[in-house]
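# Per-entry structural report
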Amino acid sequence: MQIFISWSGDASKRCAEALRDWLPYMNQAITPFVSSQDISKGERGLNKIASQLQECSFGIVCVTRDNQAAPWINFESGALSRELGESSLVPFLLDMPIRDLSGPLTQFQATDSSSEDDVWAMVKSINDKCTVTVDQERLKNTFERFWEDLTHNLDIIRKERPQSDVPARDTSEILNELVGLVREQSTRIGELESAISNAKKISTHFTVDETAVSRLTTAERDGAIRRRRASSEVIEVLGTDSVKNVVKVAGGLQVHCTQKSMGHAHAVSDRIALVADENKVSIDIVFDGSGEMMSFPAF
């Protein structure tokens with residue numbers, strides 16, 4: 001089974017490389033991919049990463065206090081979640097407890113790298129998804145034998161990395177986020193129940209084929225509304241002077257901006273990520289003439 005291990009920053013990269021060397025001991029069917037180690041000289045890096053994203057069956061994101069809001073981490077996480085689903089993507093926290101994780105990655109089941117129980121749960125989950133699995137008792141014995149090797153390497157990384165300037169999260173901030181997540185889940189459950197109710201009503205009046213067409217039309221209409229809303233909101237965030245045009249693409253929007261607006265776009269990246277998240281629409285910001293692009297996946 002191929003596992004894509006994402007990283008951003010030196011400490012995160014070293015953590016990814018430690019996992020790359022350690023995970024195959026758990027199950028020989030595991031083949032980890034880390035871009036710093038597995039892209040040969042002369043290969044086109046982005047093409048190799050895109051290919052691996054499509055081929056992998058599990059994803060691990062090495063997260064630190066400093067990189068959890070990094071655009072590259074969130075780009076790869078979004079791409080992985082679209083390919084794998086939420087259950088097969090794990091934020092692996094190097095230097096902070098789970099309560100301090102913030103942003104889009106909070107929707108995934110994170111693993112505290114300093115917790116033996118957490119890492120063991122991740123290893124079991126990976127093993128269960130392998131085509132050839134290892135018996136759990138044997139897996140547990142292997143895990144306990146090699147656990148100290150992993151913790152030793154991760155402790156070295158933690159001690160050698162510079163002290164982070166990002167403070168621990170305030171309790172009130174965490175509680176506010178929890179309230180927001182609960183409300184969001186409640187809204188989604190309500191929408192799902194409403195959709196199921198409507199589907200039942202439709203099925204009593206139409207044939208199977210007509211029902212499928214009706215649902216598809218509704219889904220397309222909903223997607224068009226979300227894209228239109230996201231387009232208006234991202235133009236408002238970036239400013240009409242910055243945006244040249246907005247193009248509809250598969251799954252989202254491509255926003256073409258002037259090259260001189262690049263600095264402003266980076267400054268408001270959190271607001272753009274929020275627009276993408278709330279509307280469930282991916283947004284690519286393209287700076288014409290520079291070749292640079294910012295991607296905001298729809299988590």
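Residues numbered from 1 in each chain as written. Predicted model: local features only at pLDDT ≥ 70, side-chain atom pairs only at ≥ 80, totals over all residues. Heavy atoms only, no water.

### Topic: the environment of Val249
Worth spelling out the cut-off: Put simply, DSSP marks the helices as runs of H or I at least four residues long and the strands as runs of E at least two long, and each gets a number from the N terminus on.
With respect to the secondary-structure elements, Val249 resides in strand β6 (residues 243–249). Considered as a pair, Val249 and Arg227 are 22 residues apart in the sequence and their alpha carbons are 9.9 Å apart.

### Some words on the pairing of strand β7 (residues 252–257)
The line we're drawing: When accessible area is computed with a 1.4 Å probe and restricted to protein chains, residues below 20% of their type maximum are described as buried, those above 50% as exposed, and intermediate ones as partly exposed. When DSSP locates at least two bridges between a pair of strands, those strands are taken to pair.
With 5 of 6 residues buried, β7 is to be regarded as a mostly interior element. Note: β6 against β7, 6 bridges, orientation antiparallel. Residue pairing across strands places Lys248 opposite Leu253, the latter belonging to β7. Here β7 pairs with strand β8 (residues 282–287) via 6 bridges, running parallel. Bridge assignment links Gln254 to a residue of β8, and that residue is Asp284.

### Points about the pattern of salt bridges
To keep things clear, this is the line we draw: For salt bridges, the criterion is a side-chain nitrogen of Lys or Arg within 4 Å of an Asp or Glu carboxyl oxygen.
What the rule picks out here adds up to 7 salt bridges. One salt bridge in this structure joins Arg65 and Asp100, with 2.9 Å as the shortest N-O distance. Of this pair, Arg65 sits in the loop between β3 (58–63) and α4 (71–84) while Asp100 is found in the loop between β4 (89–93) and β5 (111–112), placing the two residues 35 residues apart along the sequence. Take Asp100: its relative accessible area is 3%, and that puts it in the buried class.

### Considerations on the environment of Met262
What counts here: By definition in these notes, contact holds between two residues if any of their heavy atoms fall within 4.5 Å.
Among the structural elements, Met262 can be located in helix α9 (residues 262–267). In sequence terms Met262 and Ile285 are 23 residues apart; their C-alpha atoms lie 9.3 Å from each other. Excluding its chain neighbours within four sequence positions, the residues that come into contact with Met262 are Phe287, Ser290 and Glu292.

### Quick notes on the side chain of Gln68
Here is the rule: Polar contacts here mean pairs of N or O atoms no more than 3.5 Å apart (in protein, one a potential hydrogen donor and the other a potential acceptor; neighbouring residues in sequence count only if both atoms are side-chain atoms).
Positionally, Gln68 belongs in the loop between β3 and α4. Polar contacts involving the side chain of Gln68 include one to the main-chain amide nitrogen of Ser102, which spans 2.8 Å. Not counting residues up to four positions away in its chain, the partners in contact with Gln68 are Val63, Asn74, Met96, Asp100, Leu101, Ser102 and Leu105.

### Some thoughts on a negative patch on the surface
The cut-off we apply is this: Residues enter a patch when their relative accessible area is above 30% and they make no salt bridge; the linking distance is 9 Å between like charges and 5 Å between nonpolar side chains (Val, Leu, Ile, Met, Phe, Trp, Tyr). Accessibility throughout is a Shrake-Rupley quantity obtained with a 1.4 Å probe, and a residue counts as covered only by protein chains that appear here. Only four residue types enter the tally: Lys and Arg on the positive side, Asp and Glu on the negative side, with His and both chain ends excluded. By convention, charge coordinates are those of NZ in Lys, CZ in Arg, CG in Asp, or CD in Glu.
The grouping of Glu116, Asp117, Glu148 and Asp149 at the surface amounts to a negative patch. Mapped onto the negative patch, the elements with two or more residues apiece are α5 (116–129) and α6 (136–160). Residue placement: Asp117 occurs in helix α5. The exposed category is assigned to Asp117, whose relative accessible area is 61%.

### Points about the sheet that holds strand β2 (residues 31–33)
Hydrogen bonds along the backbone pair up the strands of a sheet, which may run parallel or antiparallel. What counts, and what does not: Here an axis means a line fitted to C-alpha atoms, over the contact stretch when the element is a helix, while the angle between two N-to-C directions is reported on a 0 to 180 degree scale.
As summarised here, the arrangement of the 5 strands in space is β2-β1-β3-β4-β5, forming an open sheet in which the pairing is parallel. Strands with a single pairing partner mark the edges of an open sheet, and in this sheet they are β2 and β5. Its contacts with the sheet put helix α1 (residues 10–22) on β1 (2–6), β2, β3 and β4, and the angle it makes with β3 is roughly 140°.

### Looking at the pairing of β1
Extensive coverage of β1 is indicated by the burial of 4 of its 5 residues. Bridge count for β1 against β3 is 4 bridges, and the pairing is parallel. What sits directly across from Phe4, in β3, is Gly59.

### Observations concerning the sheet that holds β6
Pairing is mixed in the open sheet, where 4 strands are placed in the order β6-β7-β8-β9. The sheet terminates laterally at β6 and β9 (293–296), the two strands that pair on one side only. Neighbour-to-neighbour, the strand axes of the sheet open up by a mean angle of 15°, direction not taken into account. With respect to the sheet, helix α10 (residues 269–279) is in contact with β8 and β9, its orientation differing from that of β9 by roughly 45°.

### Some words on the confidence of the model for the protein
Stated precisely, the cut-off is as follows: A residue's pLDDT is the confidence the predictor assigns to it, expressed on a 0 to 100 scale.
Per-chain confidence: the protein averages 80 in pLDDT, with 73% of residues scoring 70 or above. Under a pLDDT of 50 for its full length, residues 38–45 has, in the predicted model, 10 contacts with residues more than four places off or in other chains.

### Observations concerning the nonpolar core
Inclusion rule: Note on terminology: a nonpolar core comprises buried Ala, Val, Leu, Ile, Met, Phe, Trp, Tyr and Cys residues joined through side-chain atoms within 4.5 Å.
Ranked by internal contacts, the top residues of the largest apolar core, which has 34 residues, are Ile3, Ile5, Leu19, Trp22, Leu23, Ile60 and Ile126. Within the residue set of this core, elements represented by two or more residues are β1, α1, β3, β4, α5 and α6. Beyond its immediate sequence surroundings of up to four residues, Ile126 is in contact with Met1, Ile3, Leu23, Ile30, Phe58 and Ile60. In terms of nonpolar packing, the next biggest core, distinct from the first, is built from 20 residues, Cys257, Val268, Ile272 and Ile283 among them.

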